[in-house]
2 protein chains.
Amino acid sequence: MNKKMQLYNRLHKLNTAQIITLGFAGVIILGGLLLWLPFCTAPGYHTSFTDAMFTATTSICVTGLVTVVTATHWTLAGKIIILVLIQIGGVGLISLGSIIFISLRKKISLRNRRVIQESYNMDRMGGMVRLVKKVLICVFGAEGIGAVCYAVRFIPQFGLAKGLGYSVFTAVSAFCNAGIDLLGEDSLAQYVADPIVNFTSVGLIIMSGLGFVVWWDIWDKIKRVIRGKLPVGRIFKNLRLHSKIVLMMTLILVVGGTVLIFLFDHGNPESIGTYSPGTKWMASLFQSVTTRTAGFFTVSQERFSNATYMLCLVLMLIGGSPMGTAGGIKTTTVAVLLLSLKSNLQGKRDVEVHHRRIRDSYIRSAIVVTGMVLTVLILMSMLLCAAMPEAPIEDVVYEITSAVATVGLSRGLTPCLNTAGKWIVILTMYLGRIGPLTLGTAVTVRVQKMPADSHLAEEDIMIG
Amino acid sequence: MNKKMQLYNRLHKLNTAQIITLGFAGVIILGGLLLWLPFCTAPGYHTSFTDAMFTATTSICVTGLVTVVTATHWTLAGKIIILVLIQIGGVGLISLGSIIFISLRKKISLRNRRVIQESYNMDRMGGMVRLVKKVLICVFGAEGIGAVCYAVRFIPQFGLAKGLGYSVFTAVSAFCNAGIDLLGEDSLAQYVADPIVNFTSVGLIIMSGLGFVVWWDIWDKIKRVIRGKLPVGRIFKNLRLHSKIVLMMTLILVVGGTVLIFLFDHGNPESIGTYSPGTKWMASLFQSVTTRTAGFFTVSQERFSNATYMLCLVLMLIGGSPMGTAGGIKTTTVAVLLLSLKSNLQGKRDVEVHHRRIRDSYIRSAIVVTGMVLTVLILMSMLLCAAMPEAPIEDVVYEITSAVATVGLSRGLTPCLNTAGKWIVILTMYLGRIGPLTLGTAVTVRVQKMPADSHLAEEDIMIG
Ligand SMILES: [K+]
Ligand SMILES: [K+]
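Residues numbered from 1 in each chain as written. Chains lettered and ligands numbered in written order. Predicted model: local features only at pLDDT ≥ 70, side-chain atom pairs only at ≥ 80, totals over all residues. Heavy atoms only, no water.

Draft legend 1. Layout of the overall build of chain A. Helices and strands together make up the secondary structure of chain A, namely 18 helices and two strands. For chain A, long-range pairs separated by at least 24 residues make up 76% of all intrachain contacts whose partners lie at least 6 apart in sequence. (Helix = DSSP H or I, 4+ residues; strand = E, 2+ residues; numbered from the N terminus. Contact = heavy atoms within 4.5 Å.)

Structure follows, in structure tokens:
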């Protein structure tokens, strides 16, 4: 056997988890080295190796925590590299998630004929290349629409070239849930009362937070409605279980979060108390949506009340839905845990929802993903406290929660991190990004190989 | 049917969970009304209804958070009532837990002959009255020894009568994990360098934290060693699975906690940095042990570093072991979750430990108990933040964690609580006390009625 074959075989033996782990690490190191090159740093600034790696990690993991101000620290070349890294991170995550979900389903289909009958629209496409193509079309389409909406505001404000650049950057950053902006230190704070910027951002964040599999499922049902094969009122009922769970959880979290933030902070002059009622609601909505892993903000995080702080920690940890660019333990994971809790309290053996049984493997994955995220959160918070004894504990916990759930919100601690602190946050962002994806998948796949006694029909969802 | 029969039947239909829920509430209200009587309050002080209920709850739930200084606010009569309430709470919890554990086992024995062969020593006693008697002997025995040890220090310091009273009160409070003291606002801070007070407290807290079932199991094995039926080296191997898990977890948590606290704070002049090395280790040990639901302290909680703060939150949440007076989600619950995580990551179907399979019902109970404690923690923290917007968030989280895990440590917030805040903490203490016990039991019992496919032999443990 020649050496090329040996390498091929060795690469072939790598499992999905190892490919993801190594792939992300490789792109991060490459991106970090690129950003470290002198022509990326604006004149008068200096980029340390740590800051270059930090920026690469925050871009590829689409986290959004930044140690240096993106707008002023980097040259145009640096900004373009950051944009590309964000796009690679975002598209990579979406494609990976979708591929895993589909191959997961295929494996089961082979041994369970019943499941094969509920076919995705995607099935007919076949092949990963076509899937990635479809992902790219959707990503660029959505980002294009977003950029046009932003341009309505940014071109009059910044002129054609700069305004267009800002629009594209912000749209990509919002859709990929990166939360990095070119507007300076205050993110979107100057647009707190601007409906165009608010609703464009909220729209992009929520849409990408759903995950494409949900889009395609909804689109499939809409086509059937157009063809007259499905009444409009039955769209939701005909969606796949995964889509139903994602849509319900997103609705509950966005609306619930908005209402609670409004209640907690509508009288707080530090945050939104001085705004008009409409702006108060809009700022509450923005905060509720952005904590679910976007990372932009219209109100500085340290200004909110303590009750909102607690709520935001929870929203950040839950994050968005799988197979998108969102982080956190994911809506489906929380739904599975809550449903499992409910059925246990009712004394039922099976975990049921919408007339489907939740497969045991998903419950196990949910426990593993949640356990992993909470463990990283606790250990890394403790480590960062030890590395920076003077940093306020609430800022440390916010920072690490934000990093592990790849949110990108901060109470101002990120630029003050010392070198040890920066590496702790880099590690946390990396673990928070690849952990839920690889662990959730690995456990689900392994457990599904075991024989199961089923009662109700089962249906695939994705965890982590 | 006459009315008496109807009432009897109705009472008979109450399940264990309802009896515990109503029983605790009843004793709390009764105790609160008693403490509200004028002769309980020292001259010059005033006891509000809220403070009376708070004190009754903290005593019966053996939590230890106090809104008024026990030493000065209450008369001798008030202090005796508090002592009795603590004793009722402590003995009640131990007896209830042991009874549930034994009846749990009996139910399974009826349908599983294999389990019946591994018999407890307790089996031969039979009857709840004799069990409670045995509990009382152990409780009073341990408290007596503790009081004698404390007396060595307290009688020379306070004189015979007062010293003896303090010794008894402190011993009862330590053994019942109540953490209420008569020494003023600073708990045991004046004895931070005193080995007698330190080791007596640590000993009482750890011993009662194990739970009596573990004591009896160890005692049984020691008797077999004395009779020459068991070599000394095989004591641990012959212990029941429940005892093994409890002992292992306790060792890991106490030693791990002590070492980490020492590392985090040995250079912190605010907390233990100025003490001699021996005192540093002793104070670290005391803090590690007291967070596991005792509530005494030798160093004010707000003086510790942020890293230790994080660690203490985790230790408080884990708490002690079931069937004792400790609170929290319990060592066995955490062990079951960790073992489940491990087996899922290894791709194993069964959760195994020490050549035993952990029954599925325990994993379900562990999820329910942990989910319930974390939910109460998050909701109540948010509520307390909303009720007291000015209170520092880290103090609020510490207070609620302390209340839900019935620890009794505070960063000084308890006396500053407003009326709404006091009732939030009262509710949290109550839920934290009865929640794990009733929910854990209810789920375990219900799930065990379902048919199970077993591979390895199973063995009882207790969750929550
Ligand atoms: K983000
Ligand atoms: K306590």
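Draft legend 2. Quick peek at the relation of the copies chain B and chain A. Note on the copies: chain B fits chain A at an RMSD of 0.0 Å, the axial shift is 0.0 Å, and the rotation between them is 180°. Taken together, the turn and the small shift mark the pair as related by a two-fold rotation axis. Minimal C-alpha separation from the rotation axis in chain B is found for Glu394(B), amounting to 3.3 Å. When the interface residues of chain B are mapped onto chain A, 100% of them again lie at the interface, so the same face is used by both copies. (Least-squares fit on C-alpha atoms with pLDDT ≥ 70 in both.)

Draft legend 3. Region of the structure containing helix α9 (residues 195-210) of chain B. Residues and elements named next belong to chain B. Between its first and last C-alpha atoms α9 spans 22 Å; for 16 residues at 1.5 Å apiece the expected length is 22 Å, and the two agree. Where α9 is concerned, the buried positions are Val197, Asn198, Thr200, Ser201, Val202, Leu204, Ile205, Ser208, Gly209 and Leu210. The opening residue of α9 is Asp194, an N-cap whose side-chain oxygen sits 2.8 Å from the backbone nitrogen of Ile196. In the segment just after α9, Gly211 is the residue with positive phi, at about 90°. (Expected span 1.5 Å × (residues − 1). Buried < 20%, exposed > 50% of the residue type's maximum accessible area, 1.4 Å probe, protein only. Polar contact = N/O pair within 3.5 Å; in protein donor to acceptor, adjacent residues only side chain to side chain.)

Draft legend 4. Representation of the UniProt feature "transmembrane region" (unreviewed entry) in chain A within the structure. Residues and elements named next belong to chain A. Taking the UniProt record as the reference, the feature "transmembrane region" (unreviewed entry) is found at residues 20-40, 52-74, 80-104, 135-155, 196-219, 245-264, 308-341 and 362-384. Structurally, residues 52-74 comprises 57% helix and 0% strand, and the distance from its first C-alpha atom to its last is 11 Å. Across residues 362-384, the secondary structure splits into 100% helix and 0% strand, with the terminal C-alpha atoms separated by 32 Å. (UniProt positions renumbered as here; feature names shortened; annotations may be inferred.)

Draft legend 5. Spatial organisation of the pattern of salt bridges. Counting across every chain of the model gives 10 salt bridges over all chains. Asp51(B) is the partner of Lys422(B) in a salt bridge, and the nearest nitrogen-oxygen pair spans 3.0 Å. Here Asp51(B) lies in helix α3 (residues 49-60) and Lys422(B) lies in helix α18 (residues 419-448), a separation of 371 residues in the sequence. Taken individually, Lys422(B) and Asp51(B) each receive the classification buried, so the pair is uniform in this respect. Linked through salt bridges whose partners overlap, the residues forming this network are Asp217(A), Asp220(A) and Lys221(A). (Salt bridge = Lys/Arg side-chain N within 4 Å of Asp/Glu carboxyl O.)

Draft legend 6. Summary view of the interface of chain B and chain A. Tallying the contact residues gives 35 residues for chain B and 35 residues for chain A. Note on chain B versus chain A: buried area summed over both sides is about 3300 Å², and carbon and sulfur give 69% of it. On the surface where chain B and chain A come into contact, there are zero salt bridges. On inspection of chain B and its partner chain A, the count reaches two residue pairs in polar contact (both at pLDDT 80 or more). (Buried area = accessible area lost by both parts, 1.4 Å probe.)

Draft legend 7. Summary view of unusual backbone geometry. Residues and elements named next belong to chain A. The residue Asn177 is not glycine, and still its phi comes out positive at about 60°. Among the secondary structure elements, Asn177 is positioned in the loop between α8 (160-175) and α9 (195-210). For Thr406, which is not glycine, the phi torsion reads 45° and is therefore positive. One can find Thr406 in the loop between α17 (393-404) and α18 (419-448). Thr406 gets classed as buried once you look at its relative accessible area, which sits at 0%.

Draft legend 8. Fine view of the packing of aromatic side chains. Scanning the model with the defined rule gives 18 aromatic pairs over all chains in all. Taking the centre distance of 5.6 Å and the plane angle of 0° together, the rings of Tyr150(A) and Phe154(A) count as stacked. With Tyr150(A) and Phe154(A) both in helix α7 (residues 128-158), this residue pair falls four residues apart, about one helical turn. Considered together, Tyr150(A) and Phe154(A) belong to a single accessibility category, that of buried residues. On the numbers, 5.0 Å between centres and 65° between planes, the contact of Trp36(B) with Phe49(B) is edge-to-face. (Phe/Tyr/Trp six-rings, centres within 6.5 Å; stacked < 30°, edge-to-face > 60°.)

Draft legend 9. Structural context of the side chain of Asn306(A). As for its placement among the helices and strands, Asn306(A) is situated in helix α14 (residues 306-318). The exposure class assigned to Asn306(A) is buried, which follows from its relative accessible area of 15%. Setting aside its immediate chain neighbours within four residues, Asn306(A) contacts Cys385(B), Pro389(B), Ala391(B), Pro392(B) and Ile393(B).

Draft legend 10. Layout of helix α15 (residues 331-345) of chain B. Residue and element names in this part refer to chain B. For α15, spanning 15 residues, the distance from its first C-alpha to its last is 21 Å, which sits close to the expected 21 Å at 1.5 Å a residue. Extensive coverage of α15 is indicated by the burial of 12 of its 15 residues. Taken together, the buried positions of α15 are occupied by Thr331, Thr332, Thr333, Val334, Ala335, Val336, Leu337, Leu339, Ser340, Leu341, Ser343 and Asn344. Among the residues trailing α15, Gly347 stands out with phi positive, at a value near 75°.

Draft legend 11. Here's a closer look at the side chain of Thr47(A). All names here are of chain A. Structurally, the position occupied by Thr47 is in the loop between α2 (16-36) and α3 (49-60). Among the residues examined, Thr47 registers a relative accessible area of 6% and is labelled buried. For Thr47, the side chain forms a polar contact with the side chain of Thr41, separated by 2.5 Å. Not counting the four nearest positions on each side in its chain, Thr47 is found in contact with Leu35, Trp36, Thr41, Ala52, His73 and Trp74.

Draft legend 12. Local environment of the packing of helix α14 (residues 306-318) of chain B against helix α17 (residues 393-404) of chain B. Residues and elements named next belong to chain B. Contact geometry of α14 with α17 gives a least axis separation of 9 Å together with a crossing angle of 20°. Classified by the angle their axes make, α14 and α17 are roughly parallel. The way α14 lies across α17 gives a crossing that is left-handed. For the pair α14 and α17, the contacting residues are Tyr309, Cys312, Leu313, Met316 and Leu317 in the first and Glu394, Val397, Tyr398, Thr401, Ser402 and Val404 in the second. Looking at the contact of α14 with α17 residue by residue, the classes come out as eight nonpolar, two polar and one charged. (Axes fitted to C-alpha atoms, helices over the stretch in contact; angles between N-to-C directions. Parallel < 35°, antiparallel > 145°, perpendicular 65-115°, else oblique. Left-handed = near helix turned anticlockwise from the far one by under 90°. Nonpolar A, V, L, I, M, F, W, Y, C, P; charged D, E, K, R; others polar.)

Draft legend 13. Broad picture of the environment of His355(B). Residues and elements named next belong to chain B. Relative to the assigned elements, His355 resides in the loop between β1 (352-353) and β2 (356-357). His355 gets classed as exposed once you look at its relative accessible area, which sits at 68%. Considered as a pair, His355 and Leu241 are 114 residues apart in the sequence and their alpha carbons are 9.5 Å apart.

Draft legend 14. Just a nonpolar patch on the surface, in detail. Residue and element names in this part refer to chain A. Residues Leu251, Val255, Val259, Leu260, Leu263 and Trp281 make up a contiguous nonpolar surface patch of roughly 510 Å² in combined accessible area. Element by element, the count of residues in the nonpolar patch is highest for helix α12 (residues 241-265), at five residues. With respect to the helices and strands, Val255 occurs in helix α12. Residue Val255 is classed as partly exposed on the basis of its relative accessible area of 45%. (Patch = residues over 30% accessible without salt bridge, like charges linked within 9 Å, V, L, I, M, F, W, Y side chains within 5 Å. Areas by Shrake-Rupley, 256 points an atom, 1.4 Å probe, with all protein chains shown as cover.)

Draft legend 15. A look at the environment of Val404(A). Residue and element names in this part refer to chain A. Its location among the elements puts Val404 in helix α17. The buried category is assigned to Val404, whose relative accessible area is 1%. In the structure, Val404 is positioned 76 residues away from Gly328 in sequence and 7.0 Å away in space, judged by C-alpha atoms. Contacts of Val404, omitting those with residues within four sequence positions, involve Leu317, Val373, Val376, Thr428 and Gly432.

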